[in-house]
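Observations on the three-dimensional arrangement
Here's the letter readout for the chains.
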Amino acid sequence: MHTFKNRLDAARHYTHNVVLIMIGEFEFLILSAAAHLGEEAYGAAMREVIETKGGRTCSLGALYITLDRLEAKGLVKTWMSAPTQQRGGRAKRMVRVTREGVRAAREFYQAVIKISSGTVWGESLRSRLPGDAV
Amino acid sequence: MGREPAQPFAWGRGMKIRGAGWRSIEAAAGLLSPGEREVVLGDLAETDRDVWRALRDVLGLAARRQLSLWRNWRPWAASLGLALPASLFLMGCSVAASADLAGALRELEQVQLLWFSLSRLLLVIAWAWMAGFVVGSVSRPTLWASLLACCVPCLYCLSEWPGQGLSHLRLLIFFLPGAWGVWRGRRETQLGLRWAILLAAIAMLTPLMWSKGGLVYGCWLLWPAWYVAATVRRKQE
């Protein structure tokens, strides 16, 4: 009985390890930009969000290669839109964050928040938040 | 009344890219796949990046795409595993076959010698076609690398070859059938089982027609024949 329970536990941990998809910092930025833009998420708009809100430079190469990787992991879904006049009659590569993508981004964010608590940068960020300043 | 300094149109941030700058970006985007080219050019058309950054974006993406292709075994097998060694092998075969044929044509009464020389030449042509077919079908997006791997030894040998004019071309008898094979391979033409068996037999026979060195080298280059046979079998399943 004991062995059987151990096996069950091992299986649960195994499943947990398989389902958990780790993402990197840039992947997190892309997921966040796509989530911000919602239905209007596509390459140029996401790059603008990453550069203005994230304060990072972002090349199209890095953006599209990372998007491919995220799509392969099942964290985003992309498709081609209809051509628009604004872009000289060219299509957009639209992006939508999947449920797995939301989960992966949330886990990454929680991990960063948890590990930053008690650090100099974590506390200084907290003190600058509007609610904490009062 | 102070006049504002003239700014070069389309070369600074805050302006849409047009004219020569845009044309150079479009030319660079030719390195991308058609679908991706449209998306990237569309993204650049609606942003106000400067030309240099836009060019860097396009070239960077193309370079990353090429690099990602080289994580697979296919480009390595096609360029370094086949195109490079096969060009050396086929140059030797081309010279030997053409020298044999020239000798046989001088002594036309020896029909057996003529027949032998012609069959050698046909084997070289068929082998070159098969190698080209495999190079074309194994790695289509990195054909430039295979072409480079094939041309570098050819150009080196041409520069070292003592012959003049037409005798130079004896080195490159294999080139046209090889290019034809690449063209067919790129189109993913399915080879019938009979053709695959014929080519595999030719691949086995070609090294046997030459001396010891050619035999060893040719046996090492048998893998394209097996690749052709294996692909046909899988397609028939």
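Residues numbered from 1 in each chain as written. Chains lettered and ligands numbered in written order. Predicted model: local features only at pLDDT ≥ 70, side-chain atom pairs only at ≥ 80, totals over all residues.

1. Some points on the overall build of chain B
Tallying secondary structure elements over chain B gives 11 helices and zero strands in all. Moving toward the C terminus, one meets the helices and strands of chain B in the order α-α-α-α-α-α-α-α-α-α-α. The buried share of chain B, taken over its 237 residues, is 32%. Sequence separation of 24 or more characterises 76% of the internal contacts of chain B that already satisfy a separation of 6 or more. (Helix = DSSP H or I, 4+ residues; strand = E, 2+ residues; numbered from the N terminus. Buried ≥ 20, exposed ≤ 12 C-beta atoms within 10 Å, placed from the backbone. Contact = placed C-beta atoms within 7 Å.)

2. Digging into the overall build of chain A
The helix and strand tally for chain A stands at seven helices and two strands. Evaluated residue by residue, chain A yields a buried proportion of 24% over its 134 residues.

3. Considering the packing of helix 2 (residues 25-37) of chain A against helix 3 (residues 43-52) of chain A
All names here are of chain A. It is at 9 Å that the axes of helix 2 and helix 3 come closest, and there the two elements cross at 110°. When the interaxial angle is binned, helix 2 and helix 3 end up roughly perpendicular. Crossing geometry of helix 2 relative to helix 3 is assigned as right-handed. Together, L29, I30, A33, A34, H36 and L37 of helix 2 and A45, M46, V49 and I50 of helix 3 make up the contact between the two elements. (Axes fitted to C-alpha atoms, helices over the stretch in contact; angles between N-to-C directions. Parallel < 35°, antiparallel > 145°, perpendicular 65-115°, else oblique. Left-handed = near helix turned anticlockwise from the far one by under 90°.)

4. Topic: the interface of chain B and chain A
One frequent convention defines the size of an interface as the accessible area lost when the parts assemble. The partner chain A presents 14 residues to the 13 residues of chain B that form the contact. Secondary-structure elements contributing two or more residues to the side of chain B that touches chain A are helix 2 (34-46) and helix 3 (51-69) of chain B. If one sorts the elements of the side of chain B that touches chain A by residue count, helix 2 of chain B sits on top with eight residues. Partitioned by chemical class, the residues of the side of chain B that touches chain A number five nonpolar, three polar and five charged. (Nonpolar A, V, L, I, M, F, W, Y, C, P; charged D, E, K, R; others polar.)

5. A word on the confidence of the model for chain A
Averaged over all residues, the pLDDT of chain A equals 82, while 77% of them reach at least 70. In the model, residues 14-18 of chain A has pLDDT below 50 throughout and makes zero contacts with residues more than four positions away in sequence or in other chains. (pLDDT = per-residue confidence, 0-100.)

6. A closer look at the environment of A:G38
Residue and element names in this part refer to chain A. Among the structural elements, G38 can be located in the loop between helix 2 and helix 3. Exposure remark for G38: the 9 C-beta atoms within 10 Å place this residue in the exposed category. Each C-alpha atom of the pair G38 and V97 lies 8.4 Å from the other, and the pair is 59 residues apart in sequence.

7. What to know about the packing of helix 3 of chain A against helix 4 (residues 60-73) of chain A
Residues and elements named next belong to chain A. Two elements in contact, helix 3 and helix 4, have axes whose closest approach is 11 Å; the angle formed by their N-to-C orientations is 110°. In terms of axis orientation, helix 3 runs roughly perpendicular to helix 4. In the packing of helix 3 onto helix 4, the handedness of the crossing is right-handed. The segment helix 3 lies against helix 4, with G43, M46 and R47 engaging L60, L63 and Y64.

8. Observations concerning the environment of B:W226
For B:W226, the location among the structural elements is in helix 11 (residues 223-236). With 30 residues separating them in the primary sequence, B:W226 and B:A196 have C-alpha atoms 8.9 Å apart.

9. Digging into helix 4 (residues 73-106) of chain B
With 34 residues, helix 4 of chain B extends 47 Å between its outermost C-alpha atoms, agreeing within 8% with the 50 Å of an ideal straight helix rising 1.5 Å per residue. A maximum bend of about 30° is found in helix 4 of chain B at B:L82, where proline B:P85 lies one to four positions downstream. (Expected span 1.5 Å × (residues − 1). Bend = angle between axes of the 7 residues up to and from the residue.)

10. Structural notes on the environment of B:G136
Residue and element names in this part refer to chain B. Structurally, G136 can be placed in helix 5 (residues 111-138). The class for G136 is buried, based on 24 C-beta atoms found within 10 Å. In this structure, the C-alpha to C-alpha distance between G136 and R187, residues 51 residues apart in sequence, is 8.2 Å. With residues near it in sequence (within four places) discarded, G136 still touches L143, G181, V182, W183, R184, G185 and R186.

11. Considering the confidence of the model for chain B
All names here are of chain B. In this model, chain B carries an average pLDDT of 79, and 81% of its residues clear a pLDDT of 70 or more. For chain B, helix 10 (residues 212-220) is the element with the lowest average pLDDT, namely 61, and helix 3 is the one with the highest, namely 91. Ignoring residues within four places in sequence, the model shows residues 1-14, a span with pLDDT below 50, making 17 contacts including any to other chains. Predicted complex metrics record ipTM = 0.73 and pTM = 0.68.

12. Examining the pairing of strand 2 (residues 93-97) of chain A
All names here are of chain A. Residues R93, V95 and V97 point to one face of strand 2 and are all buried, whereas M94 and R96, pointing to the other face, are not buried. As paired elements, strand 1 (residues 76-80) and strand 2 share five bridges and run antiparallel to each other. Of the residues in strand 2, the one forming a bridge with V76 is V97. (Pairing = 2+ DSSP bridges.)

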